[in-house]
Amino acid sequence: MTTPVDPATQELVARAKEITEQELKVFEDRTPGSKAQDARASSRLPMGVPSSFQFYDPYPIVVRHARGTRVVDVDGNEFVDFNLGYGSLLAGHSHPVFADAIREQLEHGTLYVTPCEANEEVAGLLIERFPFDLVRFTNSGTESTMDAIRAARGFTGKTKIVKAEGAYHGHHDEVLVSVKPPVAEAGDAHHPLAVPYSEGLSTTALRDVLVVPYNDLEALEETLVEHGDEIAAYILEPVAENMGIVLPDEGYLQGVRDLTRRHGVLMICDEVKTGITAHHGGASTRYGIEPDLVCLAKSIGGGVPVGAFGGRAEVMEGIASGRVMHLGTFNGNPLVMAASRAVLRDIVTQEVFDEACGRNRRLLAACRAEIDRAGLPAHTVEMGAKGCVTYSPEPVRTYRDYKSTDFDLAYAHWIWMMNRGIFLPPGLDEQWLISVQHTDDDIDRHAEAFGGFVAALAG
Ligand code: PLP
């Protein structure tokens, strides 16, 4: 947490803490059912939740119903959803076309574990959008990054991987390193240490991971020069979306591409979040980069668990020839294929995606106007259909910059919005998503609630 330097910022932080205290009481009054369920569930599920990141302070709201852009919790509170499953619902909740596709598939079975016709069709829809030749399906983003790393190791015959400090790539051992390390334990900013994010990780996995700062080509080059003959791949989010939205510096991604090529190291773009939300063809396409492998999940399924990873034919040859194993009972099952086909072919067309991006820009402009009017130490960041407010005057370029943003202001912002029916991603590392179902009214409501927050904070 930042130690505020000037009195004006100190005053804002004190005010943010007061707002948080008041709003936590309001939250508790509005959500007794969620609170009770959280207490009951904790005796059956660790932390009371099915996945640890579903827990957030003071306790998570328990949802009973979702449709379009709305979620309703067990206490009957309605929220306009801008969290959308941490960016998994560019299509919005239960889009009618998605719902029809699922219903129709139910009539024909949900699992064959032998190919279905839609496998080829959905593969084709992905290949049209993304810079890869061949693609395989998975069930989650975690599987996509795990399998892409194995493909990279199979292709290069090397073991180590490089990842950026602060980046999250799922929950398999190798990438649960330096996800949110305490800065005091993370060593030099230019040459960060590999810090485990969890107990229980394999020590071999830990030894195989090298950590670099995002947006630092010099540090990457030094790492590749020193260890290039042991490194299979550098896995990175082309736009870092697990610390707000951190844009690549001009030339960074091309620099990574050139350096990795020079050292015989593969470039894996983890587009689980940026996928179809940053651009019709992902952030790689938006920035004109040709990675060796691309990982996908979240929004390509429209709300069902599906992922994919694709690569150059040469890199995927290991899987084609059977030398590299890629397996999974549920991979490419007909239910998720029907959902994904509906999303990629029928729902998220270029035209409706552009409209969602337009609404996002309008929301960002409204937030920016409030920030400027009040002179807050904050700024907005845009990436396609996603956006965020970051509580620092300067753009964030690295994990260390992100750590010095103001988390007190960010939390007060989040809880204020929740109490006014605007569901933003909890956890402060995330960003909002504008789905193809959000309306101008939804945007106005969000902007108005943010204006209220700024007024309460800064007068
Ligand atoms: N990669 C990135 C960039 C992510 O943000 C996430 C999840 O948030 C993952 C991978 C893992 O995806 P999943 O939760 O579907 O396993």
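Structure's up top.
Cut-offs applied
- Residues numbered from 1 in each chain as written.
- Predicted model: local features only at pLDDT ≥ 70, side-chain atom pairs only at ≥ 80, totals over all residues.
- Heavy atoms only, no water.
- Pairing = 2+ DSSP bridges.
- Helix = DSSP H or I, 4+ residues; strand = E, 2+ residues; numbered from the N terminus.
- Axes fitted to C-alpha atoms, helices over the stretch in contact; angles between N-to-C directions.
- Near = heavy atom within 4 Å.
- Polar contact = N/O pair within 3.5 Å; in protein donor to acceptor, adjacent residues only side chain to side chain.
- Areas by Shrake-Rupley, 256 points an atom, 1.4 Å probe, with all protein chains shown as cover.
- Nonpolar A, V, L, I, M, F, W, Y, C, P; charged D, E, K, R; others polar.
- Buried < 20%, exposed > 50% of the residue type's maximum accessible area, 1.4 Å probe, protein only.
- Arc of directions from axis to C-beta.
- Contact = heavy atoms within 4.5 Å.
- Patch = residues over 30% accessible without salt bridge, like charges linked within 9 Å, V, L, I, M, F, W, Y side chains within 5 Å.
- Salt bridge = Lys/Arg side-chain N within 4 Å of Asp/Glu carboxyl O.
- Expected span 1.5 Å × (residues − 1).
- Core = buried A, V, L, I, M, F, W, Y, C linked by side-chain atoms within 4.5 Å.

1. A word on the sheet that holds strand S10 (residues 307-311)
Here comes step 1: Taking strand neighbours across the sheet as the criterion, the seven strands line up as S4-S10-S9-S8-S7-S5-S6 in an open arrangement whose pairing is mixed. Among the strands making up the open sheet, the edge pair consists of strand S4 (134-138) and strand S6 (209-212). Between one strand and the next, the sheet's axes are offset by a mean angle of 20 degrees, whatever the strand orientation.

2. Thoughts on the site of the ligand
Here comes step 1: Inspection of the region around the ligand gives Ser 140, Gly 141, Thr 142, Tyr 168, His 169, Gly 170, Glu 237, Asn 242, Asp 270, Val 272, Lys 273 and Lys 298 as its neighbouring residues.
Here comes step 2: At 2.7 Å, a side-chain N or O of Asp 270 approaches a nitrogen atom of the ligand.
Here comes step 3: Contact with the protein chains covers 89% of the free accessible surface of the ligand, which is 390 Å².
Here comes step 4: The residue makeup of the shell around the ligand, split by class, is two nonpolar, six polar and four charged.

3. Observations regarding helix H4 (residues 96-106)
Here comes step 1: Along H4, the residues classified as buried are Phe 98, Ala 99, Ala 101, Ile 102 and Gln 105. Relative to the axis of H4, the buried residues are bounded by an arc of 160 degrees and lie together on one face. Among the exposed residues of H4, those pointing more than 90 degrees away from its buried face are Pro 96, Arg 103 and Glu 104.
Here comes step 2: Elements in contact with the buried residues of H4: helix H13 (334-347).

4. Remarks on a nonpolar patch on the surface
Here comes step 1: A cluster of nonpolar residues, Leu 111, Val 113 and Phe 330, forms a patch on the protein surface that exposes about 280 Å² of accessible area.
Here comes step 2: Mapped onto the secondary structure, Leu 111 falls in the loop between H4 and helix H5 (117-129).
Here comes step 3: Residue classification places Leu 111 among the partly exposed positions, given a relative accessible area of 35%.

5. Structural notes on the environment of Asn 242
Here comes step 1: In this structure, Asn 242 sits in the loop between strand S7 (231-236) and helix H9 (252-262).
Here comes step 2: By relative accessible area, Asn 242 is classed as buried at 9%.
Here comes step 3: Along the sequence, Asn 242 and Asp 372 sit 130 residues apart, while their C-alpha atoms lie 25 Å from each other.
Here comes step 4: With residues up to four places along the chain from it excluded, the contact list for Asn 242 reads Gly 166, Tyr 168, Lys 180, Glu 237, Lys 273, Asp 429 and Glu 430.

6. So, the environment of Ala 189
Here comes step 1: For Ala 189, the location among the structural elements is in the loop between strand S5 (160-164) and helix H7 (203-207).
Here comes step 2: Classification of Ala 189 by relative accessible area gives partly exposed; the value is 39%.
Here comes step 3: For the pair Ala 189 and Arg 400, spaced 211 residues apart in sequence, the C-alpha to C-alpha distance is 7.2 Å.

7. Some thoughts on the pattern of salt bridges
Here comes step 1: Across all of its chains, the model carries 25 salt bridges by this definition.
Here comes step 2: Here Asp 442 makes a salt bridge to Arg 70, at a shortest N to O gap of 2.8 Å. Separated by 372 residues along the polypeptide, Asp 442 in helix H17 (residues 440-458) and Arg 70 in strand S2 (residues 70-73) bring together distant segments of the chain.
Here comes step 3: Given the relative accessible area of 3%, Asp 442 is considered buried.
Here comes step 4: Its relative accessible area of 25% is what places Arg 70 among the partly exposed residues.
Here comes step 5: Residue Arg 150 pairs with Asp 147 through a salt bridge whose shortest N-O separation is 3.8 Å. Of the two residues, Arg 150 and Asp 147 are both situated in helix H6 (residues 141-156); the distance of three residues between them amounts to about one turn of the helix.
Here comes step 6: With relative accessibility at 37%, the residue Arg 150 sits in the partly exposed group.
Here comes step 7: Given a relative accessible area of 5%, Asp 147 falls into the buried group.
Here comes step 8: Linked by salt bridges that have partners in common, Glu 121, Arg 341, Arg 345 and Asp 346 make up one network.

8. Overview of the sheet that holds strand S13 (residues 422-423)
Here comes step 1: If you walk across this open sheet you meet the four strands as S1-S2-S3-S13, and the pairing is mixed. If you trace the sheet from one side to the other, it starts and ends with strand S1 (63-67) and S13, each paired once.

9. Quick look at helix H16 (residues 407-419)
In an α-helix there are 3.6 residues to a turn, and that puts residues three or four apart on one side.
Here comes step 1: With 13 residues, H16 extends 18 Å between its outermost C-alpha atoms, agreeing within 8% with the 18 Å of an ideal straight helix rising 1.5 Å per residue.
Here comes step 2: Most of H16 is tucked away, with 13 of its 13 residues classed as buried.
Here comes step 3: One or two residues past the end of H16 sits Gly 421, with phi positive at roughly 75 degrees.

10. Regarding the nonpolar core
Here comes step 1: Grouped together as the largest cluster of nonpolar side chains are 42 residues, with contacts concentrated most on Phe 82, Val 389, Tyr 391, Trp 432, Phe 450, Phe 453 and Leu 457.
Here comes step 2: Within the residue set of this core, elements represented by two or more residues are helix H1 (7-30), strand S3 (78-81), helix H14 (350-374), H16, S13 and H17.
Here comes step 3: Here this core gets nine residues from one element, more than from any other, and that element is H16.
Here comes step 4: With 37 residues, the next largest nonpolar core counts Leu 90, Ala 118, Val 336 and Leu 344 among its residues.

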